[in-house]
Amino acid sequence: NSMVTDSKNLRVKLVLLGDSGVGKSCIVLRFVRGQFDPTSKVTVGASFLSQTLALQDSTTVKFEIWDTAGQERYAALAPLYYRGAAVAVVVYDITSPESFVKAKYWVKELQKHASPDIIMALVGNKADLHENRSVSVQDAQDYAEKNGMFFIETSAKTANNINQLFEEIAKRLPRTTP
Ligand code: GDP
Ligand code: MG
C-alpha cells in the first residue's frame, strides 16, 4: 500500500477521520506549515497537502495527507476517501466523549472497508485543554491496544506531539530490506 519509490524513499497516502471540530485540519496545518490559527475556519478541503519527513536512518517518507472538507459532518464518508490509504489517523477531542464514540465508529468502518494492512493511529487532540478532559488516557490506550492501533495525545495548538505522531507512523511503515 505504501508506495516505495526506492528503498530509501516512501510515499504514502494518509487519511484523517473523526468528528467535525476535533482539530483534524489544525493537525495537518501544524504538521505541514508549522502554524496554528484559532480564528480562521480552516478549509484544507478536498485537495491534499503533502509533507516529507526525513528519518534518522536517512530514509524519507512523503505523506500525502487527505483531509475532509467537512463532509464528516453530514454522512458517512465515501469509502473512496480511504481506499488505497496506507495510514488512517482517527482523531477525537479529549474534552468530548461524543467525539471518542465517533472515533470508535470510524475504526469499525475502517476495519470493514479499508485495506486489512492499513496502519491506524488513534489521536486524542486538544491535549492542552486537559483541565476539561473527559476521555481518560487509560480508556483510549486500552481501546487502541485492543484494535492494534498506535495511540498518542496531541495539541495542534501548542504543537505538542504533532511531529511525534507522524514520526511514529513513519516507523511503522513496512520497508523493503536493502
Ligand atoms: P476539524 O473539523 O476536525 O478539521 O477541526 P478544525 O481543525 O477545524 O478545528 C476545530 C476547532 O478546534 C478550531 O476552532 C480550532 O482552533 C480548535 N482546535 C484544533 N486543535 C486544537 C488544539 O489542539 N487545542 C485547542 N485548544 N483547540 C484546537
Ligand atoms: Mg477540517
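Conventions adopted
Residues numbered from 1 in each chain as written. Chains lettered and ligands numbered in written order. Predicted model: local features only at pLDDT ≥ 70, side-chain atom pairs only at ≥ 80, totals over all residues. Helix = DSSP H or I, 4+ residues; strand = E, 2+ residues; numbered from the N terminus. Buried ≥ 20, exposed ≤ 12 C-beta atoms within 10 Å, placed from the backbone. Contact = placed C-beta atoms within 7 Å. Near = placed C-beta within 6 Å. Nonpolar A, V, L, I, M, F, W, Y, C, P; charged D, E, K, R; others polar. pLDDT = per-residue confidence, 0-100. Core = buried A, V, L, I, M, F, W, Y, C linked by C-beta atoms within 7 Å. Pairing = 2+ DSSP bridges. Right-handed = clockwise from strand over helix to strand, strands pointing away.

Trainee: Quick one: what's the story with the overall build of the chain, residue by residue and with numbers?
Mentor: Per the secondary structure count, the chain includes five helices and seven strands. Put simply, the chain runs from its N terminus to its C terminus through helices and strands in the order β-β-α-β-β-α-β-α-β-α-β-α. Counting over 178 residues, the chain shows a buried share of 39%. Taking the contacts inside the chain whose residues are at least 6 apart along the sequence as the reference set, 68% of them involve residues at least 24 apart.

Trainee: Can you tell me about the site of ligand 1, naming the residues and giving the values?
Mentor: As a matter of local geometry, ligand 1 sits amid 17 residues, with Gly23, Lys24, Ser25, Cys26 and Lys157 nearest to it. Sort the elements by how many residues they give to the shell around ligand 1 and helix H1 (residues 24-33) lands first, with three residues. Counted by class, the shell around ligand 1 contains six nonpolar, seven polar and four charged residues.

Trainee: Any details on unusual backbone geometry? Residues and values, ideally.
Mentor: Of note, lysine 126 is a non-glycine position whose phi angle comes to about 65°, a positive value. Note that lysine 126 resides in the loop between strand E6 (119-125) and helix H4 (137-146). Under the C-beta neighbour-count criterion, lysine 126 is labelled buried, with 25 such atoms within 10 Å. A positive phi angle is found at alanine 159, which is not glycine, with a value near 80°. By the secondary structure assignment, alanine 159 is in the loop between strand E7 (150-153) and helix H5 (162-172).

Trainee: Give me the lowdown on the confidence of the model for the chain, citing residues and values where you can.
Mentor: Mean pLDDT over the chain stands at 88; residues scoring 70 or higher make up 85%. We note a pTM of 0.92 for the whole complex and an ipTM of 0.99 for its interfaces.

Trainee: Give a detailed account of H1, specifying residues and quantitative values.
Mentor: H1 sits mainly inside the fold: eight of its 10 residues count as buried. Positive backbone phi, approximately 70°, marks glycine 34, located one or two places after H1.

Trainee: Account for the nonpolar core, naming residues and giving values.
Mentor: In globular proteins that are soluble, nonpolar side chains generally tend to be buried together. In this structure, Leu14, Val87, Ala88, Val89, Val90, Val91 and Ala121 are the most contacted members of the largest nonpolar core, which totals 49 residues. When residues of this core are traced back to their parent elements, those giving at least two are strand E2 (9-18), H1, strand E4 (60-66), strand E5 (87-93), helix H3 (97-113), E6, H4 and H5.

Trainee: Kindly report on the pairing of E6, identifying the contributing residues and their values.
Mentor: Of all seven residues making up E6, seven are buried, and the element is well covered by its neighbours. Burial along E6 is two-sided: Ile119, Ala121, Val123 and Asn125 facing one way and Met120, Leu122 and Gly124 facing the other are all buried. Relative to E6, E5 runs parallel, the two being bridged by seven bridges. Note that in E6 the partner of aspartate 93 across the bridge is asparagine 125. What joins E5 to E6 is H3, and the crossover it makes is right-handed. Relative to E7, E6 is paired through four bridges, and the arrangement is parallel. Opposite valine 123, over in E7, you have isoleucine 152 as the bridge partner. The parallel pair E6 and E7 is bridged by H4, and the resulting crossover is right-handed.

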